[in-house]
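# Architecture and fold: a report
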Amino acid sequence: MDKASFIGSLLGVGACLWVGYRGSHGHWAMFYSEKGMVMVIGGTISVILMAMPGDKLALRSSEEIINGEMMLQGLPSLQSGDNPRVTLKKMITFIPYSNRDKMKVAA
C-alpha cells in the first residue's frame, strides 16, 4: 500500500468515526439501525474513493486498450496461419521499446 492510499484510508476511517459519533450523539447503538448501516456503507465507499488514485485508472485503461489492439492484430494473424515468429514481431511493436529487451522469448 502506498503512502497516499494509507493516508486516504486513515482519513476515511477517521471521517466515518467522526460522522458516526456526531450522527449518533454518542450513542453507538444507533449503528444497529438503518441509518447506521447507511453511514457505515457511506464511510466505506468514501475510504475506497479516497484511497484509489485516479492515475492508476488512466494507466489501466490505456493498458486495456493496448491489449485489445494486440488481440485484434494477433488473433487474425494466427487464424490465417502466419508463422508464429511473424506474429510475435507484430505483437512486439505494441510493447514500448524500453521494455522489449526485458522480454524473454521462448525458443
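The preceding data block contains the structure.
This structure is a prediction, so every number in the text was calculated from the model and none was measured.

## Focus on the overall build of the chain
Secondary structure summary: the chain contains five helices and zero strands in total. The order of α-helices and β-strands along the chain, N terminus first, is α-α-α-α-α. Sorting the 107 residues of the chain into buried and exposed places 16% on the buried side. Taking the intrachain contacts of the chain between residues at least 6 apart in sequence as the baseline, contacts between residues at least 24 apart amount to 32%. On the chain, roughly 8,600 Å² of surface is accessible, and the fraction owed to carbon and sulfur atoms is 67%.

## Some thoughts on the environment of Ser-5
Relative to the elements of secondary structure, Ser-5 occurs in helix α1 (residues 3-24). Owing to a relative accessible area of 9%, Ser-5 belongs among the buried residues under this scheme. A C-alpha to C-alpha distance of 7.4 Å links Ser-5 and Met-50, two positions 45 residues apart in sequence.

Calculation criteria
Residue positions are given per chain, counting from 1 as you read along its sequence in written order. Per-residue local features are limited, in this predicted model, to residues with pLDDT of at least 70; the limit for side-chain atom pairs, both in listing and counting, is 80 or more; totals at the level of whole chains, interfaces and linings are taken over all residues. The basis for the side-chain values is all heavy atoms of the structure; hydrogens and waters are excluded. Only DSSP runs of H or I reaching four residues or more are called helices, and only runs of E reaching two or more are called strands; each is numbered from the N terminus. The buried label goes to any residue with under 20% of its type's maximum accessible area, the exposed label to any with over 50%, and the partly exposed label to all in between, with areas taken from a 1.4 Å probe on protein chains only. Contact definition: two residues touch when any of their heavy atoms are within 4.5 Å. Using a 1.4 Å probe, accessible areas were evaluated by the Shrake-Rupley method; residue-level cover was limited to the displayed protein chains.

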